[in-house]
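Examining the three-dimensional arrangement
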Amino acid sequence: MERTLAIVKPDAVARGKIGEIMRRFEEAGLRISALKMVRLNKRQAEEFYHVHRARPFFDSLTTFMASGPVAVLVLEGEAAISTVRTIMGATDPARASPGTIRRDLGTSIEQNAVHGSDSRESAGFEVSYFFRGAETFDYDRVDRRGGG
Ligand code: ATP
Ligand code: MG
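Everything in this summary refers to the structure shown in the same document. What you see is a predicted model; the values in this text were computed from it and never measured.

Residues in contact with ligand 1 amount to 14 residues; listed here are only the nearest, Lys9, Tyr49, His52, Thr91 and Glu110. Tyr49 is positioned such that a nitrogen or oxygen atom in its side chain is 2.8 Å from an oxygen atom of ligand 1. Gly116 is positioned with one of its backbone polar atoms (N or O) 3.0 Å from an oxygen atom of ligand 1. Burial of ligand 1 by the surrounding chains reaches 82%, relative to a free accessible area of 580 Å². Looking at the shell around ligand 1, the elements with two or more residues in it are helix H5 (80-88) and strand S4 (114-116). Taken together, the residues of the shell around ligand 1 sort by class into five nonpolar, five polar and four charged.

Here it is as structure tokens:
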């Protein structure tokens, strides 16, 4: 079992897509182990995306991430990190495969609806950035045949 962090970014929250995005993750068999909404301030957005601090888009990205509330999820399952990245699609919605979250819901390379950890190392940092152990939950997914 692997854990990863996903964020419904401010653009998708503002468009009423939290439920749609969580549904796609759940339907892929991932278990939501933790969830909450937060409004990051600029400094927190910079801390969270610190690996990108030297990139030209860092200031714009962190301003965007602090522009409104986000929904933060811990997702758990077999190969959860790569599964989430596949469901999200490529960074640029225009280049993302049909049927991916970013292709369907993203509007620009920056406002691309969703974030997902890209490695076990980043997942460890990112999950603990938002959640304490007692805020994550283990339970069995009971998937009824034909029950969706
Ligand atoms: P994320 O880390 O958010 O899941 P990613 O791993 O697909 O996305 P990264 O290269 O880590 O892509 O970039 C982090 C975020 O920075 C992107 O999701 C996007 O919001 C923004 N971003 C990336 N490249 C650009 C760019 N060229 N111009 C503007 N914003 C960008
Ligand atoms: Mg990334």
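Let's pick the thread back up.
What the rule picks out here adds up to five aromatic pairs. Relative to Phe130, the ring of Phe48 has its centre 5.5 Å away and its plane inclined at 50°; by these criteria the two rings are tilted. Linking Phe48 in helix H3 (residues 42-48) with Phe130 in helix H7 (residues 120-130), this pair joins segments that are 82 residues apart in sequence. Taking the relative accessible area as the measure of exposure, Phe48 reaches 3% and is therefore buried.

A full pass over the atoms with the stated rule returns 13 salt bridges. The closest approach of N and O atoms between Arg31 and Asp138, which form a salt bridge, is 3.2 Å. Residue Arg31 is found in strand S2 (residues 31-38), and its partner Asp138 is found in the segment after H7; the two are separated by 107 residues along the sequence. For Glu46, the salt bridge is made with Lys42, and the minimal N-O distance between the two is 3.1 Å. Linking Glu46 with Lys42, this pair stays in helix H3, spanning four residues, or about one helical turn. The class for Lys42 is partly exposed, based on a relative accessible area of 26%. Three or more residues are tied together by salt bridges with common partners; here these are Glu20, Arg23, Arg24, Glu27 and Asp104.

Cut-offs used in this document
Residues numbered from 1 in each chain as written. Chains lettered and ligands numbered in written order. Predicted model: local features only at pLDDT ≥ 70, side-chain atom pairs only at ≥ 80, totals over all residues. Heavy atoms only, no water. Near = heavy atom within 4 Å. Polar contact = N/O pair within 3.5 Å; in protein donor to acceptor, adjacent residues only side chain to side chain. Areas by Shrake-Rupley, 256 points an atom, 1.4 Å probe, with all protein chains shown as cover. Helix = DSSP H or I, 4+ residues; strand = E, 2+ residues; numbered from the N terminus. Nonpolar A, V, L, I, M, F, W, Y, C, P; charged D, E, K, R; others polar. Phe/Tyr/Trp six-rings, centres within 6.5 Å; stacked < 30°, edge-to-face > 60°. Buried < 20%, exposed > 50% of the residue type's maximum accessible area, 1.4 Å probe, protein only. Salt bridge = Lys/Arg side-chain N within 4 Å of Asp/Glu carboxyl O.

Geometric descriptors of this kind do not, in isolation, establish any biological role.
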